[in-house]
Each structure stands twice: as C-alpha cells, then as structure tokens.
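Architecture at a glance
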Amino acid sequence: MLRFETAGESHGECLVATLAGLPAGIPISLEAVNRELWRRQQGYGRGGRMKIETDRAEIVAGVRHSHTIGSPIAILIRNKDWQNWTAALPVEDAEGASDARRPVTRPRPGHADLAGAIKYNFHDARYILERASARETAARVAVGALAKALLGQFGVEVLSHVVAVGPVRLERPVEWAEIAALSRKDDVLLGCVDPEVEARMKAVVDEAYRTGDTIGGVFEVVAHGVPAGLGSHATWDSRLDGRLAQAIVSIQAVKGVEIGFAAEGAASFGSKVQDTIHYSREERRFTRGANRAGGLEGGITNGQDVALRGLLKPISTLRRPLESVDLETREPALAAYERSDVSVVPAAGVIGEAMTAIVLAQALLEKFGGDSLSETRRNFEGYLEQVRAF
Ligand code: EPS
C-alpha cells in the first residue's frame with residue numbers, strides 16, 4: 001500500500017512528508033522534484049509569501065544513489081519565513097514567550113479558523129490556520145513528484161491547465177500537446193493554454209487586486225497514457241473516480257470536482273453524453289467516439305486520458321475583510337488580515353496533479369504490486385499482453 005503523510009505549520013521550521021510503499025529501483029531526480037515545487041509557487045495573483053519562499057526538497061531517507069530503496073522516503077522543505085516566526089511559534093514556552101504570540105481572534109469567513117477553534121478549544125485561531133494553510137501543499141507536491149516518477153516508468157504523465165478564472169472561461173477543447181508545452185514554460189501567468197483568454201483572466205485578477213478582493217477558478221488535471229483497468233467497480237471504496245474526487249476536494253479551497261464533462265452531461269440526454277464504442281481491426285483495439293467520461297467508467301480507467309476538474313473558491317483572506325466576531329470579546333469585528341494571495345488557480349492545478357498522481361500510483365501498485373521496479377514492470381507487461389490478446 002502506497003501511503004503518505006505530511007506535517008508542518010505554515011510558519012513553522014519546515015514541512016515534512018513521508019511516503020511508504022514505493023518499490024525499490026525507481027530513478028529519482030531532485031531537480032524534477034524541485035521543478036514541481038517551483039511550478040506550485042508560480043502564477044499571477046500570488047502574494048508576498050511567495051517572494052520569501054523558494055521551495056526546495058531535501059530527501060533525508062529512502063533514496064540512495066538516485067534510486068528508491070524500498071524504504072519509507074522522508075522529505076523536508078524548509079520555511080524561509082520561519083526566521084520571522086521563531087519567537088511567535090516556539091516549540092517550548094520560554095520566559096515572556098506569550099508576549100511574542102501573534103494571536104488570531106477574528107476568524108475569517110471561509111477559512112478553517114472558527115470551526116477549528118471551536119473543535120480544538122482554542123480562543124486563538126493561530127494553531128488552526130497554521131495547519132489549515134495551503135502551505136502544506138508544498139509537501140504534497142513533493143510526494144506527488146515521487147508518484148510521478150513511478151508513473152513515468154509506466155508511460156503515465158500527469159499535468160494540468162487552467163480552465164477558468166472567475167467568470168472568464170476557456171471554451172474550446174484542449175490537446176495534450178498544449179498542456180505539455182505549457183508545463184515546460186519558465187514563465188507562468190495563469191496557466192491557460194490560450195494567451196487571449198489568459199489575458200482576460202489576468203484582467204479579472206487585476207480587478208481583485210484593485211478592490212481588495214480574491215478570485216477563484218477551475219483547473220483541469222489530465223493523466224495521459226493511463227492503462228485501462230486501474231480501480232474497480234466491485235466495491236464502493238475501490239472505485240477510482242470516488243478516490244480521485246476525494247483527493248481533489250481535499251485540496252485547500254477546492255469546493256467541487258468534476259470528472260470529464262459531468263456538469264454538461266447532467267444537463268444533456270444520454271444519447272449525447274456516453275462515449276460510443278468502436279473497434280479498429282487494423283490496430284486490434286477498441287476506440288471511443290469521445291472522452292466525455294474523463295477516462296473513467298464504473299470506477300475503472302478505460303484507457304482514455306483521465307480528466308478531472310477542481311473548482312476553487314476565492315481565497316478566504318481578503319484585504320478588505322468581511323464581517324466576523326472577535327473570539328474574546330464576542331463583539332462584531334472585521335476578519336483578520338495579514339497578507340494573502342489574491343488568486344492561486346494555476347498553483348492549485350499543480351497540487352491537483354500531485355494528488356491525482358498519488359492516487360493513480362496507489363491504484364497502479366494495487367494492481368501490479370512488486371517490491372522492485374523490475375517486478376512491477378514484469379507484472380505490468382504480463383497484463384498488457386493479456387489486454388492485447390483480449
Ligand atoms: C495561506 C496564506 C498565505 C499563502 C499560503 C496559504 O501565507 P501567509 O499567511 O504566510 O502570507 O501564501 O500559501 C503558502 C504559503 C504556500 O506555500 O502556498 C493560507 O492562509 O492558507
């Protein structure tokens with residue numbers, strides 16, 4: 001079983017992730033992991049924090065001589081901002097330490113502040129927001145990069161692009177090659193494959209900057225080269241669509257997920273929605289009329305690209321704060337504001353890639369198993385042979 005955990009507060013010393021269950025012998029490149037971390041930090045609309053941080057993964061266990069060794073992998077990402085928070089968030093109380101605290105008593109509507117403070121019985125939401133913060137996703141992206149390293153060995157690639165920022169939406173279909181070209185760029189604006197639409201997206205973010213507001217959007221994650229047969233229809237919790245949906249909605253500020261063209265499908269007739277089945281005698285394989293199902297039928301991958309959309313609400317920290325209540329005085333008060341991003345849609349797409357890669361890697365290892373890459377590959381090749389002979 002491939003499993004991971006993360007730990008770390010947004011303004012603490014570092015983020016930590018552990019990943020157990022990757023077979024031995026997978027080539028790992030730190031440069032590739034750091035490229036993913038860099039991609040997550042990009043996008044027009046990010047705030048002051050991203051000028052402080054330059055995320056770098058330090059792999060401190062489980063990888064030796066550029067390969068996994070089958071042991072749990074431990075990754076560390078240091079928070080540069082920690083130097084500004086050492087007095088405010090010490091591990092141990094010191095004399096007079098309470099003076100250095102930076103309490104948050106005016107919870108932000110939409111953030112975990114109030115629900116978390118009630119649940120964990122704090123009158124200071126600091127501890128809640130430190131962990132609820134999307135800073136944690138840097139650790140997920142590092143883990144996702146390792147999952148991508150496994151998937152890459154089996155010809156599977158996972159990338160993303162931005163479909164909408166606020167009301168501005170890309171209305172045309174997108175080719176895999178366009179998404180791949182986008183991911184190679186060294187300057188990221190809003191992660192949209194169409195420069196004209198992207199310029200209109202930028203204008204929406206500018207408007208949010210101007211008015212002290214925030215803006216959300218929609219990202220699409222596409223997994224290319226996925227073999228048919230991952231996941232299962234047999235039990236509710238082995239259905240891969242459900243598992244991917246959970247992974248996407250677990251991303252901070254994501255409030256919805258769409259698999260394929262779910263929203264459009266719900267408003268249409270069955271005859272227009274299902275992907276018709278055909279057979280190519282020359283290629284001796286099944287083909288499909290379209291990919292509206294997003295590569296998943298009955299909770300099983302069907303060999304088409306897996307396509308998922310995450311619907312991101314606008315960030316809940318507003319420069320022009322909303323009405324709230326002070327947790328101490330219970331008097332009306334404007335919500336807390338220190339500094340914030342205005343929009344993070346392309347970054348959320350990169351996080352969506354990581355979560356998708358992790359779930360696909362889990363499903364791949366469930367199906368093919370193996371303690372070493374060569375063993376997993378043998379099992380994989382054997383299955384492909386079976387599919388060819390079907
Ligand atoms: C976040 C608030 C901001 C974001 C942060 C998520 O951080 P800060 O409070 O330090 O300004 O920049 O995201 C990251 C630090 C990151 O790496 O993505 C929040 O409250 O969720």
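Here goes a summary of the coordinates provided. Every value quoted in this text rests on a predicted model; they were computed, and no experiment measured them.

1. Details of the sheet that holds strand E9 (residues 217-224)
Spatially, the five strands line up as an open sheet ordered E8-E7-E9-E15-E10, and their pairing is antiparallel. Two strands in the sheet have a free side with no partner beyond their single neighbour: strand E8 (168-169) and strand E10 (254-259). Running over the sheet, helix H6 (residues 176-184) touches strand E7 (157-165) and E9 and is turned about 90° from E7. Packing of helix H11 (residues 345-368) onto the sheet brings it into contact with E7, E9 and strand E15 (306-312), and relative to E7 it is tilted by some 145°.

2. Examining the site of the ligand
Near the ligand the following residues occur: His11, Arg40, Arg46, Arg49, Met50, Arg108, His111, Ser133, Ala134, Arg135, Arg339 and Asp341. Within the side chain of Arg135, an N or O atom sits 2.8 Å from an oxygen atom of the ligand. A class-by-class count of the residues in the shell around the ligand yields two nonpolar, three polar and seven charged.

3. Here we look at the side chain of Arg243
Within the element layout of this structure, Arg243 appears in helix H8 (residues 240-249). With sequence-adjacent residues up to four places away left out, Arg243 is seen in contact with Asp237, Ser238, Val359, Gln362, Ala363 and Glu366.

4. Points about unusual backbone geometry
A positive phi angle, near 50°, is found at His65, a position not held by glycine. For His65, the position within the fold is in the loop between strand E4 (63-64) and strand E5 (67-68). Accessibility expressed as a relative area gives 75% for His65, which makes it exposed. Phi at Ser66 takes a positive value of approximately 70°, unusual for a residue other than glycine. With respect to the helices, strands and loops of the structure, Ser66 is situated in the loop between E4 and E5.

5. Quick word on the side chain of Asp341
Topologically, Asp341 is positioned in the loop between strand E17 (332-334) and H11. Side-chain polar atoms of Asp341 contact the side chain of Arg46, separated by 3.2 Å. A polar atom in the side chain of Asp341 sits 2.6 Å from the backbone nitrogen of Gly47.

6. Observations concerning helix H7 (residues 195-211)
Taking 1.5 Å as the rise per residue, H7 with 17 residues should run 24 Å; its terminal C-alpha atoms sit 24 Å apart, in good agreement. Buried within H7 we find Val197, Glu198, Met201, Val204, Val205 and Ala208. Down the axis of H7, the buried side of the element spans an arc of 110°, and every buried residue falls inside it. Turned more than 90 degrees away from the buried face of H7 sit Pro195 and Arg210, all of them exposed. Tucked inside the fold, the buried residues of H7 contact E7 and E8. Capping the start of H7, Asp194 holds a side-chain oxygen 2.9 Å from the backbone nitrogen of Glu196, two or three residues further along.

7. Focus on the packing of aromatic side chains
Within a pair of aromatic rings, the relevant descriptors are the distance that separates the centres and the angle that separates the planes. In this structure the tally under the stated criterion is seven aromatic pairs. Between the aromatic rings of Tyr44 and Tyr209, the centroid separation amounts to 6.0 Å while the plane-to-plane angle is 70°, which identifies the pairing as edge-to-face. Highlighted residues: Tyr44 in the loop between helix H1 (30-41) and helix H2 (49-52) and Tyr209 in helix H7, separated in sequence by 165 residues. Exposure remark for Tyr44: the relative accessible area of 25% places this residue in the partly exposed category. Under the relative-accessibility criterion, Tyr209 is labelled partly exposed at 29%. Taken together, the ring pairs connect Phe154, Phe368, Phe380 and Tyr383 into an aromatic cluster.

8. Here's the deal with a nonpolar patch on the surface
Side chains of Ile277, Tyr279, Phe286 and Phe390 sit close together on the surface and give an oily, nonpolar patch of about 510 Å² of accessible area. Tracing the chain through its elements places Ile277 in strand E11 (residues 277-280). Ile277 sits in the exposed class, given a relative accessible area of 58%.

9. Examining the sheet that holds strand E6 (residues 73-78)
Spatially, four strands are ordered E1-E2-E6-E3 in an open sheet, and the strand pairing comes out antiparallel. Of all the strands in the sheet, the pair left with one neighbour each is strand E1 (3-7) and strand E3 (57-61). With strand direction ignored, the average angle separating the axes of adjacent strands in the sheet is 20°. When strand E2 (residues 14-20) meets E6, the two strands line up antiparallel, connected through six bridges. Bridge pairing in E6 places Leu19 opposite Ile73. On the sheet, H1 packs against E3 and E6 and is oriented at approximately 135° with respect to E3.

10. Overview of H6
What sets the pattern is the α-helix's 3.6 residues per turn: residues three or four places apart point alike. Among all positions of H6, only Trp176, Ile179, Ala180, Leu182 and Ser183 are buried. Down the axis of H6, the buried set is contained in an arc of 160°. They therefore lie on one face. Residues Ala177 and Arg184 are exposed on H6 and point more than 90 degrees away from its buried face. Packing partners of the buried residues in H6 comprise H1, E7 and E9.

Scoring rules and cut-offs
- Residues numbered from 1 in each chain as written.
- Predicted model: local features only at pLDDT ≥ 70, side-chain atom pairs only at ≥ 80, totals over all residues.
- Heavy atoms only, no water.
- Pairing = 2+ DSSP bridges.
- Helix = DSSP H or I, 4+ residues; strand = E, 2+ residues; numbered from the N terminus.
- Contact = heavy atoms within 4.5 Å.
- Axes fitted to C-alpha atoms, helices over the stretch in contact; angles between N-to-C directions.
- Near = heavy atom within 4 Å.
- Polar contact = N/O pair within 3.5 Å; in protein donor to acceptor, adjacent residues only side chain to side chain.
- Nonpolar A, V, L, I, M, F, W, Y, C, P; charged D, E, K, R; others polar.
- Buried < 20%, exposed > 50% of the residue type's maximum accessible area, 1.4 Å probe, protein only.
- Expected span 1.5 Å × (residues − 1).
- Arc of directions from axis to C-beta.
- Phe/Tyr/Trp six-rings, centres within 6.5 Å; stacked < 30°, edge-to-face > 60°.
- Patch = residues over 30% accessible without salt bridge, like charges linked within 9 Å, V, L, I, M, F, W, Y side chains within 5 Å.
- Areas by Shrake-Rupley, 256 points an atom, 1.4 Å probe, with all protein chains shown as cover.
- Salt bridge = Lys/Arg side-chain N within 4 Å of Asp/Glu carboxyl O.

Any link to function would need more than the numbers given here.
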